[in-house]
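A look at the structure
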Amino acid sequence: MNIEKIETFKYYESFNGSYGVKLPDQELEYIHSLCMNSYPYETGGILIGRYSDDLKWAEITTITGAPAESKQTLCSFVRSTRGIITKLKRAWQKQQYYLGEWHYHPNASPKPSALDLKTMVNLSKDEDLGCPEPILLVIGGSSSNWLQYIGVYVKEQEIELYRSEERRVGKECRSRWS
């Protein structure tokens, strides 16, 4: 008897169908576990995966946790680059690539901050990175009520693919930019 493994996933698409992201449920569960382990501090990492042949959608195949030396506080996360190049070189050997970033806003909205948006625009313009349309995944809330945002950044513009209905959240953090 052969047992076939069935992959379940979420698919998010822009209104005009030009951009899409496939996120396996297994990877989303992994992010949730990283968030629970980090609580009440922010955490994050990078998204690795592949593109469809027509380049209209990306499939996230690997989520990384926070690299060593990342800075995590109640209201901010600054990802270190330690070990990232090694992980990406291994991924490239499997024809998988850097797709973008993810991070966690504990007990807060998954809405990207002004700094998040600025960072993604800068990443989209970084020619050395070679990812002109990076994906941002933000997890908000907590284990009793996960919230989620996913967007693609194209030519300095945010294209929101999905944002959870935001219910009452318990934390408000203000950046020095506000």
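Scanning the protein chain from N- to C-terminus turns up three helices and 10 strands. Sequence-ordered secondary structure for the protein chain, helices as α and strands as β, is β-β-α-β-β-β-β-α-β-α-β-β-β. A globule of 178 residues ought to have a C-alpha radius of gyration of about 16 Å, and the protein chain, at 16 Å, matches this closely. A separation threshold of at least 6 residues defines the contact pool for the protein chain, and within that pool the share at least 24 residues apart is 60%. Entry remark: accessible area of the protein chain is about 10,900 Å², with carbon and sulfur atoms responsible for 49%.

Attention shifts here to the pairing of strand β1 (residues 9-13). Of the pairings in the sheet, the one linking β1 to strand β2 (residues 20-24) comprises five bridges and is antiparallel in character. Its bridge partner lying in β2, K10 is registered against L23. Counting the residues that bridge the hairpin from β1 to β2 gives six residues, and of these G17 lies at a positive phi of roughly 80°.

For the structure shown, the criterion picks out seven salt bridges. Here K10 and D25 are joined by a salt bridge, their closest N and O atoms 2.9 Å apart. Here K10 is found in strand β1, whereas its partner D25 is found in helix α1 (residues 25-38), with 15 residues between them in sequence. The partly exposed category is assigned to K10, whose relative accessible area is 36%. The exposure class assigned to D25 is buried, which follows from its relative accessible area of 16%.

Glancing now at the sheet that holds β1. Across the sheet, which stays open at both edges, the eight strands sit in the order β1-β2-β4-β3-β7-β8-β9-β10 with mixed pairing between neighbours. The open sheet terminates on both sides in strands that have one partner only, identified here as β1 and β10 (157-163). Recorded for the sheet is a direction-independent mean angle of 30° between the axes of neighbouring strands. Pairing of strand β7 (residues 97-106) with strand β8 (residues 135-142) involves seven bridges; the strand directions are parallel. Looking at β8, one finds that P106 is bridged to G141. Each of β3 (44-51) and β7 touches helix α2 (residues 84-93); the most contacted strand, β3, lies at about 15° to it.

Another point: the packing of aromatic side chains. Taken as a whole, this structure holds three aromatic pairs when the rule is applied. Where Y12 meets Y162, the ring centres are 5.3 Å apart and the plane angle is 40°; that geometry is what we call tilted. Linking Y12 in strand β1 with Y162 in strand β10, this pair joins segments that are 150 residues apart in sequence. Y12 gets classed as buried once you look at its relative accessible area, which sits at 7%. For Y162, a relative accessible area of 35% translates into the label partly exposed. Plain terms: the ring middles of Y51 and Y97 are 6.4 Å apart, the flat faces sit at 25° to each other, and that makes the pair stacked. One end of the pair, Y51, is in strand β3; the other, Y97, is in strand β7, and 46 residues separate them in sequence. Overall, the relative accessible area of 34% leaves Y51 in the partly exposed class. It is K22 that lies over the ring of F9; its NZ or CZ is 4.4 Å from the centre.

Rules and cut-offs
- Residues numbered from 1 in each chain as written.
- Predicted model: local features only at pLDDT ≥ 70, side-chain atom pairs only at ≥ 80, totals over all residues.
- Heavy atoms only, no water.
- Helix = DSSP H or I, 4+ residues; strand = E, 2+ residues; numbered from the N terminus.
- Rg over C-alpha atoms; globule rule 2.2 N^0.38 Å.
- Contact = heavy atoms within 4.5 Å.
- Areas by Shrake-Rupley, 256 points an atom, 1.4 Å probe, with all protein chains shown as cover.
- Pairing = 2+ DSSP bridges.
- Salt bridge = Lys/Arg side-chain N within 4 Å of Asp/Glu carboxyl O.
- Buried < 20%, exposed > 50% of the residue type's maximum accessible area, 1.4 Å probe, protein only.
- Axes fitted to C-alpha atoms, helices over the stretch in contact; angles between N-to-C directions.
- Phe/Tyr/Trp six-rings, centres within 6.5 Å; stacked < 30°, edge-to-face > 60°.
- Lys NZ or Arg CZ within 6 Å of the ring centre and 35° of its normal.

None of the figures reported here should be taken as evidence of function without further support.
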